[in-house]
Amino acid sequence: MADLKPTVLVIEDEPPLQRFLRVTLEAQSFKVIEATSGENGLRHAATAQPDLVVLDLGLPDMDGVEVTRRLREWTAIPIIIVSARGKEQDKVVALDAGADDYLTKPFGVGELLARVRVALRHLAAANRDTGDPIFEARGLRVDLSRREVTIDGNAVHLTPNEFKLLTVLVKNAGKVLTHRQLLKEVWGPGSAEETHYLRVYMNQLRQKLEGDATRPQLLLTEPGVGYRLLDQ
Amino acid sequence: MSDPRAHPPRSPLRRPDIAGYLWAVGVVAAATTLAWPLYHAVGFHGENVLMLYLVGVLWIATHHSRSAAVLTSVLSVVAYDLIFVKPFYTFAVSDQQYLITFGVMLATGLVISALTHRVREHSEEARQAWERVEAEFLRNTLLSGVSHDLRTPLSAITGAASTLIENRDHLSDAAQSEMLDTIYGESERMERLINNLLDMTRVESGGLQVKKEWQPLQEVVGSVLHRLERRLGGRKLKTDLPPDLPLVQIDSVLIGQVLMNLLDNAIAYTPPTSTIQIRARQAGDGREVAIDVIDDGPGIPAGTETRVFQKFFRAAQPEKRQGIGLGLAICRGIVEAHGGTIGAGNRPEGGAVFRFTIPMTQSPPPMIDAMTEREPAWQT
Ligand SMILES: Nc1ncnc2c1ncn2[C@@H]1O[C@H](COP(=O)(O)OP(=O)(O)OP(=O)(O)O)[C@@H](O)[C@H]1O
Ligand SMILES: [Mg+2]
């Protein structure tokens, strides 16, 4: 699979953004298929079997969240949604409906490629099913199978819930996770509204892993959406 | 805009002018009290006593309703007749001339009060006309100001892009990347401008949706500082948020925006060598949390402490950074939507302080239950 050009399906109705996405992705040697409506996009997704979908939430014919749901009925391919600033709630809904990540317009090439890279990597890891990964970034090392967390080689003691939270983040490193997703994973279903638990634990985790909760470098907040553990 | 307090609304004929009637009684009583010794001891003539009453009528006519003026005229004639016309203390109009006195008094009261009313009406009209002119002027200057502010970065983008398209072969690598930097930088500036305009519109139309959730303030500060990393460069920045700060109930996106705008200003209006501080404390006996953004730059011009929060107000600005004057107005809108207050001042040792508060009307939700393994240290 590595030597095959990965295919990206771009579902976007605005020509300038379409062009920007096509040029950028082709420059990174992706094969690009374009669709300008939700219906069209769904059809292409079924026939062309892309490796990744970039989906604008503001399509003329269909709600992007609806497109996400319809795709998720039959495929697990990564979906990166694109939406405007101030539409945090829409992003959260799309992410909870199964989208993998998001970009806020206007965005730069760096961000776009980082999202694509992470999404494809998670897809590959899921296909290979490599078991618990070892996560390393900025001096932090997390060995999930041994339940070991170290910073610059020094062991860090985490409470069970803190470790559980870190585990979910590590398994999804680089990817955004909504409050709801994290609450469900760590505290179980039925706790989706208790965001203050999550926030307090995140704060504690930052204090332990990053020293200062007001200057995070790894455990990032995605305002109004959730969290992301940076993977580099 | 004009201060509504300068022109108290008056509707002299609508409601019964109770205050005016009371004043009428008072004025007549005062005139009588004053005239009494003058008439009996000093030997004033009856006509002069009448003049005293007339002064009362004039005053009421200019300051109160027409009906109050009529009442004053009636009361004056009655009082005069009773007290200063023989036979004293009887209401007997012995002379026809007192009817004339009464008529003159009444006419004076009515004419004066009608005149006063007309003058007031005219000044009200003039005021409204002035306000219309003012609003129109404001709208025009705002629109032309905003279009100017948008056109400046747009011109730079168009210029740089067309240079690249047409002269690419003659441009050095350095010149090319300079053009590209211009395009990128100016697009960012335009984005900020448009975002500010949209936010301001949202604040003003009351379309601000505040989605409050309990959270540690550290998270909001951290998220803002991470986004500002590139702009901060190597600047010194200190955060001082005590670990025992209670959770606050806020919309993190909006309060993040407030912090962002304040820090953006602190970066823009101070030299790169200066230090910025973010400090949070419980204040008002625990009824609120106060957040300060402090710098040691030139500070805001004296006397502009309130005006800086008005939209489109900008004071001294460095050449390279031309704001549009919306940042602080948006801050105020957001903070007030949270039930808090925002203010600005200068430090005695130099530099500006911006402080906003978040009310703590409810106590934070407990963290002690099955979801918690232990009681966190800051929850006592
Ligand atoms: N920290 C500060 N030090 C000195 N002056 C300041 C500071 N913060 C704000 N000001 C002054 O207050 C004015 C209003 O600030 P405000 O943030 O509302 O608008 P702006 O920065 O000019 O434009 P915008 O934020 O919309 O880009 C500024 O133009 C500046 O002169
Ligand atoms: Mg500003």
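Up top is the structure.
Residues numbered from 1 in each chain as written. Chains lettered and ligands numbered in written order. Predicted model: local features only at pLDDT ≥ 70, side-chain atom pairs only at ≥ 80, totals over all residues. Heavy atoms only, no water.

### What to know about the sheet that holds strand β4 (residues 79–83) of chain A
All names here are of chain A.
Now for step 1: Pairing is parallel across the open sheet formed by 5 strands, whose spatial order is β2-β1-β3-β4-β5. Strand pairing shows two members of the sheet lacking a second neighbour, β2 (31–35) and β5 (101–104), which therefore form its edges. Within the sheet, the average angular offset between the axes of one strand and its neighbour, ignoring direction, is 20°.
Now for step 2: Examined bridge by bridge, strand β1 (residues 7–11) and β2 share 5 bridges and lie parallel to one another. When the sheet's bridge partners are listed, Val 8 is paired in β2 with Val 32.
Now for step 3: Across the sheet, helix α3 (residues 64–72) is in contact with β1, β3 (52–56) and β4; its angle to β3 comes to roughly 155°. (Pairing = 2+ DSSP bridges. Helix = DSSP H or I, 4+ residues; strand = E, 2+ residues; numbered from the N terminus. Axes fitted to C-alpha atoms, helices over the stretch in contact; angles between N-to-C directions. Contact = heavy atoms within 4.5 Å.)

### Some points on helix α2 (residues 46–63) of chain B
Residue and element names in this part refer to chain B.
Now for step 1: For α2, spanning 18 residues, the distance from its first C-alpha to its last is 26 Å, which sits close to the expected 26 Å at 1.5 Å a residue.
Now for step 2: Of the positions making up α2, those classed as buried are Gly 46, Val 49, Leu 50, Tyr 53, Leu 54, Gly 56, Val 57, Ile 60 and Ala 61. Looking straight down α2, one finds that the buried residues subtend no more than 160° of arc, so they occupy a single side. (Expected span 1.5 Å × (residues − 1). Buried < 20%, exposed > 50% of the residue type's maximum accessible area, 1.4 Å probe, protein only. Arc of directions from axis to C-beta.)

### Let's talk about the packing of helix α6 (residues 160–171) of chain A against helix α8 (residues 195–210) of chain A
Residues and elements named next belong to chain A.
Now for step 1: Contact pair α6 / α8: the axes reach a minimum separation of 10 Å and the direction vectors enclose 85°. Of the possible angle classes, the one that applies to α6 and α8 is roughly perpendicular. Every residue of α8 that contacts α6 at Asn 161, Glu 162, Leu 165, Leu 166 and Leu 169 is listed here: Leu 198, Tyr 201, Met 202, Gln 204, Leu 205, Lys 208 and Leu 209.
Now for step 2: Residues that form the contact of α6 with α8 fall into these classes: 8 nonpolar, 2 polar and 2 charged. (Parallel < 35°, antiparallel > 145°, perpendicular 65-115°, else oblique. Nonpolar A, V, L, I, M, F, W, Y, C, P; charged D, E, K, R; others polar.)

### A closer look at the interface of chain A and chain B
Now for step 1: Each partner contributes to the interface: chain A provides 32 residues, whereas chain B provides 35 residues.
Now for step 2: Of the roughly 2800 Å² buried where chain A meets chain B, counting both sides, 51% is carbon and sulfur surface.
Now for step 3: Of all residues in chain A, the largest losses of buried area upon contact with chain B belong to A:Arg85, A:Arg199 and A:Thr214, amounting jointly to 24% of the total for that side.
Now for step 4: Counting across the interface, chain A meets chain B through 4 salt bridges.
Now for step 5: Notably, a salt bridge pairs B:Glu219 with A:Arg199, separated by 3.3 Å at the nearest N-O pair.
Now for step 6: Viewed at the interface, chain B and chain A are joined by 8 residue pairs in polar contact (both at pLDDT 80 or more).
Now for step 7: At the level of elements, α6, α8 and β11 (219–222) of chain A are the ones that each hand at least two residues to the side of chain A that touches chain B.
Now for step 8: Looking at the side of chain A that touches chain B element by element, the count peaks at 11 residues for α8(A).
Now for step 9: Classifying every residue of the side of chain A that touches chain B by side-chain character gives 12 nonpolar, 12 polar and 8 charged. (Buried area = accessible area lost by both parts, 1.4 Å probe. Salt bridge = Lys/Arg side-chain N within 4 Å of Asp/Glu carboxyl O. Polar contact = N/O pair within 3.5 Å; in protein donor to acceptor, adjacent residues only side chain to side chain.)

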